[in-house]
Amino acid sequence: MFDASANLKKRLKSERRFQIFCITAISFALIFVLILFLNIFSSGYSAFYKTTIAIDVDYSQVIEDTTQFAAMSDDEINKLDLFRFSKKSIYSLFPDIEDRKEKKLLIRIFSIEYEDEIKQFLIKNKENIKKIETVYLTASDDVDQVRKGNYPRDLPEERRRIKDIQLEYYDILENNGRVKYVFNIPFLTRGDSREPELAGVGGSIVGSFLTIITVLILSFPIGILAAVYLQEFAKSNRFTDFIEININNLAAVPSIVFGLLGLGIILNVFGLPRSTPLVGGIVLSLMTLPTIIIATRASLRAVPPSIREGALAVGATKMQAVMHHVVPLAMPGALTGTIIGLAQALGETAPLLLIGMVAFVVDVPSSPLDASASLPVQVYLWAESAERGYVEKTSATIMLLLGFLILLNLAAVLIRRKFETKW
Amino acid sequence: MNKIKISAKNIDVFYGDKQALFDVSMDMYEKEVTALIGPSGCGKSTFLRCINRMNDVIDICSVKGNVSIDGHDIYDKSIRVESLRESVGMVFQKPNPFPKSIYENIAYGPRIHGIANSKTDLDEIVETSLQKAALFDEVKDRLHQPGTGLSGGQQQRLCIARAISVNPEIILMDEPCSALDPIATAKIEDLMSELKKEFTIIIVTHSMQQAARVSKNTGFFHLGKLIEVDSTDTIFSNPGNQKTQDYITGRFG
Ligand SMILES: Nc1ncnc2c1ncn2[C@@H]1O[C@H](COP(=O)(O)OP(=O)(O)OP(=O)(O)O)[C@@H](O)[C@H]1O
Ligand SMILES: [Mg+2]
């Protein structure tokens with residue numbers, strides 16, 4: 001009696017087929033995400049490490065009695081001319097080299113800022129500088145890439161930037177235990193640089209952060225107020241319909257158009273400074289606003305009318321009913337929408353290119369009015385550079401950007417979970 | 001017979017183009033329970049909402065005619081709906097406590113109207129309101145827990161307490177027991193006979209027995225018209241209109 005009829009068998013079979021399709025689709029999506037992550041991670045993680053080479057620095061050649069450094073201010077030390085002294089310290093690794101060209105090649109296995117690194121060591125340890133100190137200097141990008149195995153040693157010499165003799169020096173130093181592979185803190189704290197081994201994302205992290213804060217400060221209050229007014233107070237007539245349609249249109253406008261608007265109006269008419277997080281934030285706010293307004297209106301709409309009626313029936317004014325009861329209940333949804341909007345803004349590149357946030361900026365910005373890069377633009381900038389050092393840094397920047405985005409989305413999910421109200 | 005508290009004259013209500021009430025005139029008396037009965041969709045809630053102007057909230061709704069309370073026209077321009085609703089409380093069909101603590105549910109009204117001057121005043125208002133709503137003993141240990149965590153019957157009494165908290169003179173109840181079981185319903189009915197000593201109560205109900213038990217006067221609505229209004233005894237034993245007769249004997253509805 002309960003045997004499956006032919007018709008039922010057919011239906012069950014088509015259900016199974018449907019499930020297989022669905023699972024295949026999900027698997028494809030997962031595989032692509034996995035490949036993307038693996039690819040980025042495998043080429044990017046090495047940017048978080050750098051190669052350093054130890055040299056012996058005889059600080060007593062600068063000042064005989066090295067205890068006197070303790071009395072000097074940082075400024076005074078910075079003003080010292082240690083250029084020749086630094087060079088000599090490096091030459092002392094291989095005292096036998098006489099040839100000027102070879103000396104130059106030896107210097108080139110170090111990053112260009114060796115003099116500064118020697119000074120910074122002095123400043124940091126000026127309280128008790130011994131006569132001879134071991135200082136770890138950043139290796140040049142070429143050496144760094146050799147250490148990381150990214151650089152094919154078996155190419156003919158003419159086709160390599162690093163010369164045979166430099167490789168020889170490096171191997172000797174390595175065998176003497178002078179090469180150390182360390183966590184690359186400056187990568188996270190410094191600004192951009194023409195030297196791949198010195199370039200950092202600190203400037204763009206701060207730039208992105210300042211931009212996002214600007215977006216938050218501008219678009220959160222405006223978005224919430226606009227949504228509350230449109231949803232709770234505005235009478236529905238032609239005019240509000242018109243506004244509503246245009247907010248939805250705004251959400252669909254390609255982001256580069258906002259960049260043009262920023263260029264044409266914010267920079268050229270209002271004359272705000274180019275390349276700054278302030279202008280970037282204003283432009284991105286235009287993009288984030290519709291997202292926030294739409295999300296907030298949806299969560300206002302989800303608050304049951306009985307709550308409004310309950311408040312009005314005890315004599316609350318409309319504004320009290322809305323502000324005391326409806327808005328707090330809609331807040332989790334509004335916050336989730338805001339965070340999703342911020343995440344979009346964080347990853348946005350095109351409008352920033354147009355307002356000049358694509359400039360090469362060495363200094364880490366300290367206010368929204370300083371010229372600055374941002375994470376996605378940094379990716380764009382470095383992705384165009386040929387040096388191997390920038391390639392791994394591009395991937396590492398993408399890793400950081402994805403990390404921040406995942407954190408933001410996680411925050412959105414957590415807020416939703418925590419404050420979800422059941423009716 | 002008590003004095004007339006609420007007097008509605010020639011009320012027409014429109015939702016957009018659709019007319020929901022036709023020329024309704026009815027008097028309701030002080031410190032009595034007046035019941036409104038009639039088949040679904042006949043305009044009982046609409047009429048009730050005219051008395052505290054909750055229809056104002058609905059954009060498309062317009063009210064014509066005249067409602068006066070103690071002789072004052074409540075649709076007059078000089079009347080603020082907020083103070084009107086302070087004197088005319090409302091309890092809804094489905095319990096709708098705020099998703100806040102029991103205490104906050106009741107303290108809200110007094111607070112926005114500036115009725116309580118101090119924390120102790122407010123505590124006292126909360127306690128007496130809950131007592132009048134016959135809920136205090138059940139919740140006195142958990143005043144600061146969410147009001148939405150109570151049972152349906154308790155939530156409805158909480159809403160009654162919330163309505164009482166601002167010292168209204170009139171309480172409107174729109175099918176307050178329709179979501180409750182018979183025991184919770186009996187509690188609310190007992191409560192009503194207690195409350196009518198102090199308040200004028202207008203109740204919409206679908207239950208003939210309930211109307212018979214609690215009310216002194218009853219109005220019967222049909223298709224937006226007030227067909228008959230008289231003392232509850234007369235309506236149920238000897239109605240003047242055939243439609244009323246048919247409705248209370250269950251021949252349609
Ligand atoms: N917000 C509204 N918009 C449009 N029409 C409405 C609205 N509220 C009520 N109506 C209409 O007005 C008429 C009367 O409705 P009302 O709610 O007053 O009936 P009721 O007697 O309370 O019915 P019930 O017993 O089912 O609650 C109905 O025809 C209804 O469709
Ligand atoms: Mg009704």
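From a predicted model like this one, the values you see are computed outputs, not experimental measurements.

Reading the values: rules and limits
- Residues numbered from 1 in each chain as written.
- Chains lettered and ligands numbered in written order.
- Predicted model: local features only at pLDDT ≥ 70, side-chain atom pairs only at ≥ 80, totals over all residues.
- Heavy atoms only, no water.
- Helix = DSSP H or I, 4+ residues; strand = E, 2+ residues; numbered from the N terminus.
- Rg over C-alpha atoms; globule rule 2.2 N^0.38 Å.
- Buried < 20%, exposed > 50% of the residue type's maximum accessible area, 1.4 Å probe, protein only.
- Contact = heavy atoms within 4.5 Å.
- Areas by Shrake-Rupley, 256 points an atom, 1.4 Å probe, with all protein chains shown as cover.
- Lys, Arg positive; Asp, Glu negative; His and termini not counted.
- Charge placed at Lys NZ, Arg CZ, Asp CG, Glu CD.
- Axes fitted to C-alpha atoms, helices over the stretch in contact; angles between N-to-C directions.
- Parallel < 35°, antiparallel > 145°, perpendicular 65-115°, else oblique.
- Left-handed = near helix turned anticlockwise from the far one by under 90°.
- Buried area = accessible area lost by both parts, 1.4 Å probe.
- Salt bridge = Lys/Arg side-chain N within 4 Å of Asp/Glu carboxyl O.
- Arc of directions from axis to C-beta.
- Near = heavy atom within 4 Å.
- Polar contact = N/O pair within 3.5 Å; in protein donor to acceptor, adjacent residues only side chain to side chain.
- Domains from an automatic or database assignment.
- Pairing = 2+ DSSP bridges.
- Phe/Tyr/Trp six-rings, centres within 6.5 Å; stacked < 30°, edge-to-face > 60°.
- Lys NZ or Arg CZ within 6 Å of the ring centre and 35° of its normal.

**Focus: the overall build of chain A**
- A tally of helices and strands in chain A yields 17 helices and 3 strands.
- For chain A, the C-alpha radius of gyration of 30 Å lies well beyond 22 Å, the compact-globule estimate for 423 residues.
- Judged by the C-alpha coordinates and their principal axes, chain A covers about 90 × 65 × 40 Å.
- Scored against the burial criterion, the 423 residues of chain A give a buried share of 43%.
- Restricting the contact set of chain A to residue pairs at least 6 apart, pairs at least 24 apart contribute 78%.
- With an accessible surface of roughly 22800 Å², chain A has 62% of that area assigned to carbon and sulfur atoms.
- The distance from the centre of the 45 positive side-chain charges to the centre of the 44 negative ones in chain A is 11 Å.

**Describing the packing of helix α10 (residues 238-252) of chain A against helix α12 (residues 277-301) of chain A**
Residue and element names in this part refer to chain A.
- Following both chains from N to C, one finds α10 and α12 inclined at 125°, their axes separated by 8 Å at the closest point. The orientation of α10 with respect to α12, classified from their angle, is oblique. In this structure, the crossing between α10 and α12 has a hand that is left-handed. Here E244, I247, N248, L250 and A251 of α10 lie close against α12, whose contacting residues are L286, P290, I293, I294 and R297.

**Re the interface of chain B and chain A**
- In this assembly, 21 residues from chain B lie in contact with 20 residues from chain A.
- Here chain B and chain A share an interface that buries about 1600 Å² over both sides, 63% of which is from carbon and sulfur atoms.
- On the chain B side of the interface with chain A, the three residues burying the most area are F98, P99 and Y108 of chain B, jointly 28% of the side's total.
- The tally of links from chain B across to chain A stands at 1 salt bridge.
- As a salt-bridge pair, E309 of chain A and R49 of chain B come within 3.3 Å of each other at their nearest N and O atoms.

**Side note on helix α3 (residues 83-91) of chain A**
All names here are of chain A.
- Buried within α3 are the following residues: F85, S86, S89 and I90. Axial view of α3: buried residues confined to an arc of 140°, hence all on one face. Away from its buried face, by an angle of more than 90 degrees, α3 presents the exposed residues R84 and K88.
- Where α3 is buried, its residues touch β1 (49-58), α4 (100-107), α5 (114-124) and β2 (132-138).

**Re the environment of S129 of chain B**
Residue and element names in this part refer to chain B.
- Its place among the elements puts S129 in helix α4 (residues 119-132).
- Between the C-alpha atoms of S129 and R162, which are 33 residues apart in sequence, the distance is 7.2 Å.
- If sequence neighbours within four positions are ignored, S129 has contacts with I106, A161, I164 and S165.

**Examining the site of ligand 1**
Residue and element names in this part refer to chain B.
- As a structural note, the neighbourhood of ligand 1 is formed by 14 residues, with S40, K44, S45, T46 and H206 the closest of them.
- Here a nitrogen atom of ligand 1 sits 3.4 Å away from a polar atom, N or O, in the side chain of Y15.
- At 3.3 Å, a backbone N or O of C42 approaches an oxygen atom of ligand 1.
- The fraction of the free accessible surface of ligand 1 (630 Å²) that becomes covered by protein chains is 66%.

**So, the side chain of S7 of chain B**
Residue and element names in this part refer to chain B.
- Looking at the secondary structure, you find S7 in strand β1 (residues 4-15).
- With relative accessibility at 8%, the residue S7 sits in the buried group.
- A distance of 3.0 Å separates the side chain of S7 from the side chain of D27, its partner in a polar contact.
- Once residues within four sequence positions are removed from consideration, S7 is found in contact with M26, D27, N66, V67 and S68.

**Some points on the domain arrangement of chain A**
All names here are of chain A.
- Annotation of chain A at the domain level lists domain 1 (51-183) and domain 2 (202-419).
- A separation of 46 Å is found between the C-alpha centroids of domain 1 and domain 2.
- Facing 6 residues of domain 1, the contacting portion of domain 2 comprises 4 residues.
- When the area that domain 1 buries against domain 2 is broken down by residue, the three leading residues are D141, Q145 and N150, summing to 71%.

**Observations concerning the environment of T336 of chain A**
Residue and element names in this part refer to chain A.
- When you line up the elements, T336 lands in helix α14 (residues 318-347).
- With 74 residues separating them along the chain, T336 and L410 place their C-alpha atoms 10 Å apart.
- Those residues in contact with T336 that sit more than four places away from it in its chain are A412, I415 and R416.
- Polar contacts involving the side chain of T336 include one to the main-chain carbonyl oxygen of P332, which spans 2.6 Å.

**Describing the pattern of salt bridges**
Residues and elements named next belong to chain B.
- In total, this model carries 27 salt bridges over all chains according to the counting rule given.
- E104 serves as the salt-bridge partner of R111, at 2.8 Å between the closest nitrogen and oxygen.
- Taken together, the salt bridges that share partners define one network made up of K3, K5, E30, D70 and E169.

**Brief notes about the side chain of S86 of chain A**
All names here are of chain A.
- Summarising the element assignment, S86 is placed in helix α3.
- On the basis of relative accessible area, S86 is assigned to the buried category, the value being 0%.
- Residue contacts for S86: discarding those within four places in its chain leaves Y114, E115 and I118.

**As for the sheet that holds strand β2 (residues 18-29) of chain B**
Residues and elements named next belong to chain B.
- Read across the open sheet, the 4 strands follow the order β2-β1-β4-β5; overall the sheet is antiparallel. The open sheet has two edge strands with one neighbour each: β2 and β5 (72-73).
- By the bridge criterion, 8 bridges tie β1 to strand β4 (residues 61-69) in an arrangement that is antiparallel. Bridge pairing links D12 to K64 in β4.
- Here helix α1 (residues 44-51) sits on the sheet in contact with β1, β2 and β4, set at roughly 60° to β2.

**Topic: the packing of aromatic side chains**
All names here are of chain A.
- Following the criterion strictly, the structure yields 15 aromatic pairs over all chains and no others.
- With centroids separated by 4.9 Å and ring planes inclined at 40°, the aromatic side chains of F94 and Y169 adopt a geometry described as tilted. Taken together, the residues span a long stretch of sequence, with F94 in the loop between α3 and α4 and Y169 in helix α7 (residues 164-175) at a distance of 75 residues. One exposure class covers both F94 and Y169, and it is buried.
- Cluster of aromatic residues (ring-pair linked, three or more members): Y59, F69, F85 and F121.
- K103 extends its terminal NZ or CZ atom over the ring of Y91, reaching a point 4.7 Å from the ring centre.
- The ring centre of F360 lies 3.7 Å from the NZ or CZ of R194, which sits over that ring.

**Details of helix α16 (residues 375-383) of chain A**
Residues and elements named next belong to chain A.
- Burial within α16 is extensive, with 7 of its 9 residues counted as buried.
- Among the residues of α16, L375, P376, V377, Q378, V379, L381 and W382 are the ones counted as buried.
- Packing partners of the buried residues in α16 comprise α8 (185-189), α9 (202-233), α14, α15 (350-354) and α17 (388-419).

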